[in-house]
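Analysis of the macromolecular model
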Amino acid sequence: MKPTLVIMMAAALLAGNILAQTTEPADLLQRVGTLNKQTLPSPREVADTLVAAKAATPTPWNEGDNLTYEQKFQNELIAGTTELMARKVSFATAFDYAKARAAWHLAYIWADRMGDRDEALTCVGKWVQAAPTVPVRNAELLHLRAKYGQDVRTDVEVLFRDHRDLTHYTAWRLAAAWQRSAEKAGALNAESFNVLLASAVDSVVAADKPQTRVSAVLMRSTTGQNVNSEIMTLLAGTQGTLPLPQASALFDAFSLTTATNEETLAFYDALLRSVEANAKSAPFLRKILDQKLKLQ
């Protein structure tokens, strides 16, 4: 047998083995996840994996809370496949695949990324219709409508009034939608925005958690409000428990230009006491300590 023919047969066998292994459900999901993480995966491997993934996901997205293991697995594979298409092929391909499987919460994201507002609103609307009382779905719809220039302030206020069990993400998605609408209408002012944020905090489950209060302070700072005193009050109640991302955000939100040296030193001291000390936060703590020493 000629060497060239042997090489071709070996390559074909190898490709066939890869695809055969990939068609096993667990292997297929793992392969999709691995390819999503790779910067430059093999185009052939991506193509073969997508062929197998599409064949393994012929049914629509499974809605509901009481799903079987198989249904949850199917949903996970649909989500991973959509991401792989968006990352390695195109947004349009990911949108078409998600839409064909009625994965509306995935489809609207890629329609939005493509700039197709009508499709994005249609898809997120269908996602809401499947569970119209779920706040996070309504929050996504209102956020998208606000992004496209619609005034959703009244709808947001109704949701805050009617719910006292929102997740942190849902509350701040709604607050962002309200803020965007108010800005477009030229009606954003500190008083009305503070009232809205107070409602948001009251609506969140476990509103006493630092994350919720930090978010309210940061949202106020985006409107140009001086939140120095609020930051100091917040830090006073978070001794050694404030996660690094929130501490870093508060550091950026503190207005050094309007603070005296004494106030700035007090702020640095409060941060040093409040931040959760670990390997990840060590560089940040050193930075704050250096800043403090420069003022002393």
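The coordinates are above.
Residues numbered from 1 in each chain as written. Predicted model: local features only at pLDDT ≥ 70, side-chain atom pairs only at ≥ 80, totals over all residues. Heavy atoms only, no water.

Before going further, it helps to examine the overall build of the protein chain. Each helix and strand counted, the protein chain has 16 helices and zero strands in total. Over its C-alpha atoms the protein chain spans a radius of gyration of 25 Å, topping by over 25% the 19 Å that the globule rule assigns to 296 residues. In terms of overall dimensions, the protein chain has a C-alpha envelope of 85 × 45 × 35 Å along the principal axes. Counting all 296 residues of the protein chain, 42% fall into the buried class. Here the contacts in the protein chain between residues at least 6 apart in sequence split such that 58% fall between residues at least 24 apart. Positive and negative charge centroids in the protein chain, built from 31 and 31 side chains respectively, lie 5 Å apart. (Helix = DSSP H or I, 4+ residues; strand = E, 2+ residues; numbered from the N terminus. Rg over C-alpha atoms; globule rule 2.2 N^0.38 Å. Buried < 20%, exposed > 50% of the residue type's maximum accessible area, 1.4 Å probe, protein only. Contact = heavy atoms within 4.5 Å. Lys, Arg positive; Asp, Glu negative; His and termini not counted. Charge placed at Lys NZ, Arg CZ, Asp CG, Glu CD.)

Viewed as axis vectors pointing N to C, helix α2 (residues 25–37) and helix α4 (residues 69–88) meet at an angle of 30°, and their least axial separation amounts to 9 Å. Classed by the angle they form, the pair α2 and α4 counts as roughly parallel. Of the two possible hands of crossing, α2 and α4 adopt the one that is left-handed. Side by side, α2 and α4 meet where Pro25, Ala26, Leu28, Leu29, Val32, Leu35 and Asn36 of the first sit next to Phe73, Glu76, Leu77, Gly80, Thr81, Glu83, Leu84, Arg87 and Lys88 of the second. Looking at the contact of α2 with α4 residue by residue, the classes come out as nine nonpolar, three polar and four charged. (Axes fitted to C-alpha atoms, helices over the stretch in contact; angles between N-to-C directions. Parallel < 35°, antiparallel > 145°, perpendicular 65-115°, else oblique. Left-handed = near helix turned anticlockwise from the far one by under 90°. Nonpolar A, V, L, I, M, F, W, Y, C, P; charged D, E, K, R; others polar.)

The next point concerns unusual backbone geometry. Comment: phi is negative for the bulk of residues other than glycine, and the bulk of peptide bonds are trans. You will see that Ala102, though not glycine, has its phi angle at about 55°, which is positive. You can see Ala102 is positioned in the loop between α5 (91–100) and α6 (104–114). The exposure class of Ala102 is partly exposed, given its relative accessible area of 23%.

To continue, consider the environment of Ala111. Following the sequence through the fold, Ala111 ends up in helix α6. Along the primary structure Ala111 and Thr49 are separated by 62 residues, whereas in three dimensions their C-alpha atoms are 23 Å apart.

This model, assessed by the stated rule, comprises twelve salt bridges. Note that Arg31 and Glu45 form a salt bridge whose closest N and O atoms lie 2.8 Å from each other. Within this pair, whereas Arg31 is found in helix α2, its partner Glu45 is found in helix α3 (residues 43–56), the two being separated by 14 residues in sequence. The salt bridge involving Glu63 is made with Arg137; its shortest N-O contact spans 3.0 Å. Here Glu63 is found in the loop between α3 and α4, whereas its partner Arg137 is found in helix α8 (residues 135–147), with 74 residues between them in sequence. Under the relative-accessibility criterion, Arg137 is labelled buried at 12%. (Salt bridge = Lys/Arg side-chain N within 4 Å of Asp/Glu carboxyl O.)

For Asp112, the position within the fold is in helix α6. Contacts of Asp112, omitting those with residues within four sequence positions, involve Ala120, Leu144, Lys147 and Tyr148.

One can describe the packing of α8 onto helix α10 (residues 168–184) by two numbers: an axis separation of 9 Å at closest approach and a directional angle of 20°. In terms of their interaxial angle, α8 and α10 are classed as roughly parallel. As α8 runs across α10, the sense of the crossing is left-handed. From α8, Pro135, Val136, Ala139, Glu140, Leu142, His143, Ala146 and Lys147 reach across to α10, where they touch Tyr169, Thr170, Arg173, Leu174, Ala176, Ala177, Arg180, Ser181 and Lys184. Its residues assigned to classes, the contact of α8 with α10 shows nine nonpolar, three polar and five charged.

Take the packing of aromatic side chains next. Going through the model one piece at a time under the given rule, you end up with eight aromatic pairs. A centroid spacing of 6.0 Å and a plane angle of 90° characterise the contact between Phe251 and Phe284, whose relative ring orientation is edge-to-face. Taken as a pair, Phe251 in helix α14 (residues 244–253) and Phe284 in helix α16 (residues 282–295) lie far apart in primary sequence, 33 residues in all. Accessibility expressed as a relative area gives 12% for Phe251, which makes it buried. (Phe/Tyr/Trp six-rings, centres within 6.5 Å; stacked < 30°, edge-to-face > 60°.)

Let us now look at helix α9 (residues 153–162). Residue pairs spaced three or four apart in an α-helix point in one direction, given the helix's 3.6 residues per turn. Every buried residue of α9 is listed here: Arg153, Val156, Leu159 and Phe160. Within α9, the buried residues cover an arc of 125° as seen down the axis, which keeps them to one side. Exposed residues pointing more than 90 degrees away from the buried face of α9 are listed as Thr154, Arg161 and Asp162. Close packing links the buried residues of α9 with α8, α10 and α11 (190–203). (Arc of directions from axis to C-beta.)

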